[in-house]
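# Architecture at a glance
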Amino acid sequence: MQKFEVVGAVKINNEWKPYTSVIEAQSERLAVEQAYCTIGSKHRLKRNYITVKTVNVVDGE
């Protein structure tokens with residue numbers, strides 16, 4: 001499994017706020033999907049209030 005850094009923004013109270021999340025997943029597509037699930041459930045947001053700008057592979061351990 002690889003680690004991915006997902007960068008984007010979420011719309012909370014009519015304001016777009018940036019976020020960065022490091023997610024462990026098998027592929028980039030699954031990392032984005034996990035970001036939508038995690039942020040959506042934590043903040044009770046639908047997917048159209050969450051944007052993903054970039055997804056980068058995190059080097060390291």
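Coordinates for the structure precede this section.
First, a word on scope: everything that follows refers to the structure included in this document. (Residues numbered from 1 in each chain as written. Predicted model: local features only at pLDDT ≥ 70, side-chain atom pairs only at ≥ 80, totals over all residues. Heavy atoms only, no water.)

Take the overall build of the protein next. Of regular secondary structure, the protein possesses one helix and three strands. Along the protein, helices and strands appear, N-terminal first, in the series β-β-α-β. At 12 Å, the protein has a C-alpha radius of gyration in line with the 10 Å of a compact globule built from 61 residues. Taken over the C-alpha atoms alone, the protein extends approximately 40 × 15 × 15 Å along its principal axes. Taking all 61 residues of the protein together, 26% fall into the buried category. Long-range pairs, those at least 24 residues apart, make up 51% of the contacts in the protein with a sequence separation of at least 6. (Helix = DSSP H or I, 4+ residues; strand = E, 2+ residues; numbered from the N terminus. Rg over C-alpha atoms; globule rule 2.2 N^0.38 Å. Buried < 20%, exposed > 50% of the residue type's maximum accessible area, 1.4 Å probe, protein only. Contact = heavy atoms within 4.5 Å.)

Below, the discussion takes up the nonpolar core. Counting 13 residues, the largest nonpolar core has F4, V6, V10, Y19, A31, I39 and I50 as its most contacted members. Those elements that place two or more of their residues in this core are β1 (2-12), β2 (15-25), α1 (28-43) and β3 (50-57). Here the element with the most residues in this core is α1; it accounts for four residues. Leave out the neighbours within four places in its chain, and I50 touches A9, V10, W16, Y19, Y36, I39, G40 and L45. (Core = buried A, V, L, I, M, F, W, Y, C linked by side-chain atoms within 4.5 Å.)

Let us now look at α1. Given a rise of 1.5 Å per residue, 16 residues ought to cover 22 Å, and the 23 Å separating the end C-alpha atoms of α1 matches this to within 8%. Turning to α1, its buried residues are A31, V32, A35, I39 and G40. Each buried residue of α1 sits inside an arc of 155 degrees when the element is viewed along its axis, so together they form one side. As for α1, its buried residues are in contact with β1, β2 and β3. Of the residues trailing α1, R44 is marked for its positive phi of about 55 degrees. (Expected span 1.5 Å × (residues − 1). Arc of directions from axis to C-beta.)

Two strands pair when backbone bridges link them, and β1 and β2 are joined in this way by 11 bridges, in the antiparallel orientation. Across the sheet, K3 pairs through a bridge with E24, a residue of β2. Counted along the chain from β1 to the antiparallel partner β2, the turn is two residues long, and its residue N13 has a positive phi close to 55 degrees. (Pairing = 2+ DSSP bridges.)

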